[in-house]
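For reference, the chains in residue letters:
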Amino acid sequence: MLRFLLKRPIAVLMSYVALIIFSTVAFFQLSIALLPDIDVPQIVIQINAPNQSPAEIEQNILRPIRENLLTLSGLKDIQSMASSETGRVALDFEYGTSMSLAYIEVNEKIDGLSYVFPKNLERPKIIRLNTSDIPLIRLQIIPKNEEDILQISNLAEKILKKRLETLDGVSLVDLNGLHKKVISLRLDHAKMNALQISETDLIQAIRENNQDLGGISVLDGQYRYFVKLQAGIKDIKDLEKLTIRQKSGKLISLKQIARLEETTQTRQGFHLFNQKEGIVINIYQQSQAKVTQLMPLIYQTSESFKKEYPQVDFYFSQDQSLLLREGISSLQTSLMWGGLFAFAVLFLFMGNLRVCLVMGLCLPVSLIISFLFFYFFQISLNIISLSGLTLGLGMTIDNSIVVLDNISIRKQENQNFLENVVLGTLEVIPPLIGSVLTTLAVFIPLIFLSGLSGALFYDQAISVTIILVISLGVSFSLTPLLYLLFFKGTSKIIVSDTKVFQGILHSYEASFRKVFQYKLISLIGLLGLSSLGYFGFFFFKTEGLPAIEKNETQLIIQWNEPISPLENKRRSLSLLSTIQKDILQSECDLGISDFILQNEENSLQKAFIYLLIGDATKKETVEKKITLYMQKNFPKAIFSYLPAPNAFDQLFRQNQAYFEVRLKSFQHKQWIPPTILNETLKDISAQFPQYKILSSPGSLEETVVKVQIDRLRLALYQVDYEDFLDRFRSLFGASSISELKSFNESTPIRIIVKDQDLFQKLKNSRITNTEGKSYPMLDLMEYDFDSDYKNITADRLGIYHGISFQPIDDFAKITQKLNAIALKKQLLIDFSGQYFSDRDNLVQLIRILILAIVLLYFILSAQFESFVQPLIVIATLSLGIAGALLFLKLGGASLNVMSAIGLVAMLGIMVNDAILKIDTINQLRKTHDLDTAIYIAGQIRLKPILMTSLTTILAILPILFSSGIGADLQKPLVLAVMGGLSLGTLTALYFVPLFYYYVAFFDFRPKSSTRTSII
């Protein structure tokens, strides 16, 4: 087959040209995204329940939701948290569950519960998480005149949002910080008392005149008409003309006893940008959209906004496309420098520019053709697949180097040129195919990891597989063809050993003799070194992602006091003013947000503050300043620093505690009394003084005022209970009287009350009974101060109060002591947290690695036709791991997702050198004794082993000297590959022949073979 192709060079070249053209077309059809389109197995339900306490939200809303959703198929866990005016339910599903069906099922069950929920409750927001549900960029809208905020809100919601939604590639536009219109009534109580008109009379009159009267179908002969009955109030002018009947029967217009004005609705949350109040628009991309095409459209639209609406300032923040651009830049850098270094290594070792040119053409051809298969496998260009391509580029060079080197050896025999090229290629086909298969045997099993890690590894494994298989095909067809075309007609022997390589060869031969002179001692030393690969893991800290050097941070504050949104805003601005000179940009989402896609807990007393700082070193200084300020001014506040939001951090962020203890009452639907809980927490703290113990939100308390309405007195004084509730709510501006509806808009009508404290309002307020007599409201009710839980947390078994341990060292001992404390207090106890999922993932990873090693063994057994020789290759893996861990330690890196990928990639590359060495020795043993075969194989395979290792290392070396998020993510991977290959090269040169020497006596491999000898 190879001879047939080499005799028809034009046909082969035209085929490759056609493939390149198709691949280029396919490249422009590929979607370009930050991350693979992964269905995150989680659904979040957000509840907004104004004026309801955590206990009411738990009892009336969250508990029915939990109990009805327990039967969902694939449900792994369910957790809820009720806070003041808000609630949240998080549903975790088994990975692999159809999230589209789960989302439909959740919506159906929530709709089925509508009759259970309190009246006037907004339909809960049901949010399905996806990797594309991370905002691509945020557009800040800041009015130049703060008084125009209501108009700017209408502009953002009705115009800007619609225009951004029309952009090709935008899936959703989400807003926060909107101001909404409300009609405010400022009552003249003196006139009302003089005219004997109560607030109840006023409210009743407005409601009666603002009813939706519907319509009637009227038959008129042979025609039928629909008669629409218009409501009496259409706008604020109609409301001013509204008449109210006095007890005497006289009619009074509303404007005589109240001043009406259109104002903004009382805010439950704010958005600030650079300490100015504004509106933010989160822009989300479609899963198949190209970021590189969408971003210019967004910037272009923003420029048109600036020209059309000069009264508004527009700014961009938190651009997530930066991560993708850095990934693409990293690939371009690796390709450019990898090619240059490959040229340099080839020239230094082979001394021929035409050989370098062959290599220079094969590398980009392999890369371009891989995009065609990306299109067929529906793999997008994202951070994960690009990192797979970056890895694959180093390995791509290896196959062509081995082919070129072997052809060069054949060329020196001065036989028929075509025959030399054919035989030189055919001889290395079996070991190269075996090398690719063994590399894939290490990579492919990782896609069976459960959860997000497995989904992310899928793109990586497929991209590496594609480029390796393509490079294998290119090295077997295009590489020998180009060699034939470039060197055809050359009569003289091509010198393949330069002076540089000859010097290396002499040094190797001298050291090899020394090693074999003390074979047993050398083998024991190498085996001792390899043991570091097994024990080195115990000296590393583990984390999800590598530490990324950032010049930004996110501060999350829970003020832990019953403050209003306005006070939340005041405190946040006060904090920002202290660090204003140290930051470049600030962004705050305070209180309850308007976002549709809101995966964070909503709370009136919570603040999310994003800070962009000049440089990474200054970030620590700013955080220290904030910490000192908060400890001095707000000692009750709970605050923490999280990585500033980016695609990776939001995807891998663990919302659960590392190790959480859940205390529960024997009555699962009830919470533990605060006194008993506090006593239990004191006992736990005393039992474990060495640990840092933190209370979860479900264990925090706050002061509350409990009001008890005296129904007996209401009946005695003939005061209507509903009238009393309406008066009480309007007293604190807690509810709207009615709403003016126009098309799709509704404007609430509310009564403005004087700004007084709680007891002044109650003391000065009166209620009118059915006979027109008024009584102090304070006489009809009782109140008391009490403490209650600020939040109520629950899981599938009911309400719990959590505390978290970090870190833990002896799980069995800790759980035994905790169980004893819980039994003493007559409480139930349960354990949860990331500790358990990490332990399960580790067990699963070990099983998969064992599977990979078993698969590797069977592939090598088939290739070597031996049951013993594959053990040589497997034994070398620990030396590579030891080298990788050494470089990670020297580079200050941890064990994380990226270093794990680097370890896997390194093992896949490293076994290739061992396979090539063993295959060469096996062929030489047919014509030479064992010692001679080992010695000659070392000479023959020294060059390709050194060249493949050097080109791979040098191809990824530039990443270590790059900066930015993309480079920081890739550095642990690069360190692992470089360290493993550095020690792995020594393994292939010394450890493999040593081990081969000793296991050869136990090798029952058949001695006959039909393969052609390379000598």
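That block above? That's the structure.
The following refers to the structure shown. (Residues numbered from 1 in each chain as written. Predicted model: local features only at pLDDT ≥ 70, side-chain atom pairs only at ≥ 80, totals over all residues. Heavy atoms only, no water.)

As a rule of thumb, nonpolar side chains are buried together in soluble globular proteins. Counting residues in hydrophobic clusters, the biggest one holds 131 residues, and the most contacted among them are Tyr 483, Val 873, Leu 888, Ile 934, Val 977 and Tyr 996. The biggest single contributor to this core is helix H31 (residues 965-999), with 18 residues. In this structure, Leu 72, Ala 82, Ile 792 and Ala 794 belong to the second largest nonpolar core, which totals 45 residues. (Core = buried A, V, L, I, M, F, W, Y, C linked by side-chain atoms within 4.5 Å. Buried < 20%, exposed > 50% of the residue type's maximum accessible area, 1.4 Å probe, protein only. Helix = DSSP H or I, 4+ residues; strand = E, 2+ residues; numbered from the N terminus.)

Here the focus is the packing of helix H19 (residues 565-579) against helix H20 (residues 616-633). When two helices pack together, their arrangement is given by the angle between their axes and by how far apart the axes lie. Where H19 contacts H20, the two axes come as close as 10 Å, and the packing angle between them is 135°. Comparing their axes, H20 and H19 come out oblique. Relative to H20, H19 is oriented so that their crossing is right-handed. When H19 is examined against H20, the residues Ser 574, Leu 575, Thr 578 and Ile 579 are found in contact with a partner set consisting of Val 622, Lys 625, Ile 626, Tyr 629 and Met 630. Looking at side-chain class alone, the contact of H19 with H20 contains six nonpolar, two polar and one charged residues. (Axes fitted to C-alpha atoms, helices over the stretch in contact; angles between N-to-C directions. Parallel < 35°, antiparallel > 145°, perpendicular 65-115°, else oblique. Left-handed = near helix turned anticlockwise from the far one by under 90°. Contact = heavy atoms within 4.5 Å. Nonpolar A, V, L, I, M, F, W, Y, C, P; charged D, E, K, R; others polar.)

Another aspect to go through is the pattern of salt bridges. Charged atoms that come close allow side chains of opposite charge to pair. Scanning all chains against the criterion turns up 25 salt bridges. Glu 261 is the partner of Arg 259 in a salt bridge, and the nearest nitrogen-oxygen pair spans 3.6 Å. With relative accessibility at 48%, the residue Arg 259 sits in the partly exposed group. Overall, the relative accessible area of 23% leaves Glu 261 in the partly exposed class. Three or more residues are tied together by salt bridges with common partners; here these are Glu 660, Arg 662, Lys 664, Asp 795 and Asp 830. (Salt bridge = Lys/Arg side-chain N within 4 Å of Asp/Glu carboxyl O.)

A separate point is unusual backbone geometry. Positive phi, close to 50°, is recorded for Asn 274, a residue that is not glycine. Position of Asn 274 among the secondary structure elements: in the loop between strand S13 (269-273) and strand S14 (276-277). Even without being glycine, Gln 718 reaches a positive phi, approximately 60°. Its place among the elements puts Gln 718 in the loop between helix H23 (711-716) and helix H24 (721-731).

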